[in-house]
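Architecture and fold: a report
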Amino acid sequence: MSINWYLMVSAIVFSVGVGGVLTRRNPLVILLCLELMLNAANLALVGFSRMHGNHDGQVFALIVMVVAACEVAVGLGLIVALYRRRLPIDVDELRELQG
């Protein structure tokens, strides 16, 4: 399989993630779209790793997946804490809570 296919699928998945982050206001959907973007980058890393015949890109992709899982755990914890305190979960309204 050529690297072009990996990069094309990676670009499509990344574009869907960027579109979701820019258009949605629900923090849970934004987290899911960020995960899509990270997985697209992982797919590109694995494709380049396979093209060059080494495993460095695959190891780095695994590390990125671990960091992404930690990010989701923290993000979901924040969303649950906001929901329990009955604070608004709209992203535009959360920006006004600075202080």
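Residues numbered from 1 in each chain as written. Predicted model: local features only at pLDDT ≥ 70, side-chain atom pairs only at ≥ 80, totals over all residues. Heavy atoms only, no water.

Looking at the overall build of the protein chain
To keep things clear, this is the line we draw: Comment: elements are numbered from the N terminus, with helices defined as DSSP H or I runs of at least four residues and strands as E runs of at least two. Three labels apply to residues, based on accessible area from a 1.4 Å probe with only protein chains included: buried if under 20% of the type maximum, exposed if over 50%, partly exposed otherwise in between. Whether two residues are in contact is decided by their heavy atoms: any pair within 4.5 Å suffices. Residue exposure ignores everything except the shown protein chains as possible cover, and the areas themselves are Shrake-Rupley values with a 1.4 Å probe.
Helix and strand counts for the protein chain stand at four helices and zero strands. Taken from the N to the C terminus, the helices and strands of the protein chain come in the order α-α-α-α. Counting every position in the protein chain, which comprises 99 residues, the buried fraction comes to 23%. Here the analysis covers contacts within the protein chain between residues at least 6 apart in sequence; of these, 57% occur between residues at least 24 apart. On the protein chain, roughly 7,000 Å² of surface is accessible, and the fraction owed to carbon and sulfur atoms is 69%.

Details of the environment of Gly17
Relative to the helices and strands, Gly17 is located in helix α1 (residues 3-23). Among residues more than four places away in sequence, those in contact with Gly17 are Cys33, Leu36 and Met37.

As for the packing of α1 against helix α2 (residues 27-52)
For clarity, the cut-off: Under this scheme, a helix contributes an axis fitted over its contacting stretch, all axes are lines through C-alpha atoms, and angles between N-to-C directions fall in the 0 to 180 degree range. For classification, angles of less than 35 degrees are called roughly parallel, those exceeding 145 degrees roughly antiparallel, those between 65 and 115 degrees roughly perpendicular, and all remaining angles oblique. Crossing handedness is defined as follows: a turn of the near helix away from the far one that is anticlockwise and smaller than a right angle gives a left-handed crossing, while the clockwise case is right-handed. Amino acids are sorted into nonpolar (Ala, Val, Leu, Ile, Met, Phe, Trp, Tyr, Cys and Pro), charged (Asp, Glu, Lys and Arg) and polar (every other residue, Gly among them).
Two elements in contact, α1 and α2, have axes whose closest approach is 8 Å; the angle formed by their N-to-C orientations is 165°. By the angle class used here, α1 and α2 are roughly antiparallel. Note that α1 runs across α2; the crossing there is left-handed. Of the residues in the contact of α1 with α2, the class split is 20 nonpolar, four polar and one charged.

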